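# Structural overview for review
Residue-level listing of the chains:
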Amino acid sequence: SAVISQKPSRDICQRGTSLTIQCQVDSQVTMMFWYRQQPGQSLTLIATANQGSEATYESGFVIDKFPISRPNLTFSTLTVSNMSPEDSSIYLCSADWNQETQYFGPGTRLLVL
Amino acid sequence: AQSVSQHNHHVILSEAASLELGCNYSYGGTVNLFWYVQYPGQHLQLLLKYFSGDPLVKGIKGFEAEFIKSKFSFNLRKPSVQWSDTAEYFCAVKRGFGGNNRLAFGKGNQVVVIP
């Protein structure tokens, strides 16, 4: 089965700073995704990150706040910029190898003070 | 916008009881349907999925789900739960095939099984 890892697993950050979350998959994949899961809420898609193209952001999410990199077919990063307490959440990456099923990483638990 | 509804966010039941979690989605057309499970301290895992064919699909750990197109539903069931089924369960819907792979998730059901 697919292996997806994320770093860091958790972090506590001060408001106004930025955090970059890394997502690594164990085999090449075209489509990767970033989600946010706020406390007590469901998963919300932030953006789709395909290698070789700009990330596609969902309504309510912008590149300046959540810049994404996708330098190759096994790696992606999501940066949460200029953080505020409202950004406290779990951030998850996922990958879809056959354009059918998304598999998820373990998530990064972020607390912003 | 696509919408996925899961009711009864918190479910508490005893071992050996039957479990049914409802999932309804808000739009027509071709859909792919998923149930994911998140056990305490673990990451989100695929429980089962429906793409086409037999509307009754079987997943891991004795779970099954039935797609009823006329009701826009994809309810999850397990005849006899175990303590290890304590987890959060998410229904997810994807429109169409291929290209647009956006998943819309429901709010989840927190299931607690009492030994």
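The preceding data block contains the structure.
### A short note on the overall build of chain B
The number of helices and strands found in chain B is zero helices and twelve strands. Of the regular secondary structure in chain B, the N- to C-terminal order runs β-β-β-β-β-β-β-β-β-β-β-β. The C-alpha atoms of chain B give 14 Å as radius of gyration, which agrees with the globular expectation for 115 residues (13 Å, within 12%). If you line up chain B on its principal axes, its C-alpha atoms span 45 × 25 × 20 Å. Looking at chain B residue by residue over its 115 residues, the buried ones come to 49%. Partitioning the contacts of chain B with sequence separation of at least 6, the portion at a separation of at least 24 is 57%. Total accessible area on chain B is roughly 5500 Å²; 53% of this is exposed by carbon and sulfur atoms. Side chains of chain B give 11 positive and 7 negative charges; the mean places of these two sets differ by 11 Å.

### Some remarks on the overall build of chain A
Within chain A, the secondary structure is distributed over zero helices and eleven strands. When the helices and strands of chain A are placed in sequence order, the string is β-β-β-β-β-β-β-β-β-β-β. Once the C-alpha set of chain A is aligned to its principal axes, its extents read approximately 40 × 25 × 20 Å. Residues classed as buried in chain A amount to 50% of the 113 residues present. Across chain A, the fraction of contacts at a sequence separation of at least 24, relative to all contacts at a separation of at least 6, is 54%. Approximately 5300 Å² of chain A is accessible, and the part contributed by carbon and sulfur atoms is 48%. When the 7 basic and 9 acidic side-chain charges of chain A are each reduced to a single mean position, those positions are 10 Å apart.

### Quick notes on the packing of aromatic side chains
Under the definition given, this model contains 15 aromatic pairs over all chains. Judged by centre distance (5.9 Å) and plane angle (75°), the ring pair of F104 of chain A and F105 of chain B falls under edge-to-face. You can see F104 of chain A sitting in strand β10 (residues 103–104) and its partner F105 of chain B sitting in strand β11 (residues 103–105), one on each of two chains. Judged by its relative accessible area of 4%, F104 of chain A falls in the buried class. The exposure class assigned to F105 of chain B is buried, which follows from its relative accessible area of 9%. Seen from their ring centres, F34 of chain B and F51 of chain B are 5.7 Å apart, and the 80° between their planes marks the pair as edge-to-face. Residue F34 of chain B is located in strand β5 (residues 31–38), and its partner F51 of chain B is located in the loop between β6 (45–50) and β7 (56–58); the two are separated by 17 residues in the primary sequence. The same class applies to F34 of chain B as to F51 of chain B, namely buried. One aromatic cluster in this structure is built from Y35 and F104 of chain A together with F34, Y36, F51, F90 and F105 of chain B. Against the face of F51 of chain B rests K49 of chain B, its NZ or CZ located 5.4 Å from the ring centre.

Definitions and limits used
Residues numbered from 1 in each chain as written. Chains lettered and ligands numbered in written order. Predicted model: local features only at pLDDT ≥ 70, side-chain atom pairs only at ≥ 80, totals over all residues. Heavy atoms only, no water. Helix = DSSP H or I, 4+ residues; strand = E, 2+ residues; numbered from the N terminus. Rg over C-alpha atoms; globule rule 2.2 N^0.38 Å. Buried < 20%, exposed > 50% of the residue type's maximum accessible area, 1.4 Å probe, protein only. Contact = heavy atoms within 4.5 Å. Areas by Shrake-Rupley, 256 points an atom, 1.4 Å probe, with all protein chains shown as cover. Lys, Arg positive; Asp, Glu negative; His and termini not counted. Charge placed at Lys NZ, Arg CZ, Asp CG, Glu CD. Phe/Tyr/Trp six-rings, centres within 6.5 Å; stacked < 30°, edge-to-face > 60°. Lys NZ or Arg CZ within 6 Å of the ring centre and 35° of its normal.

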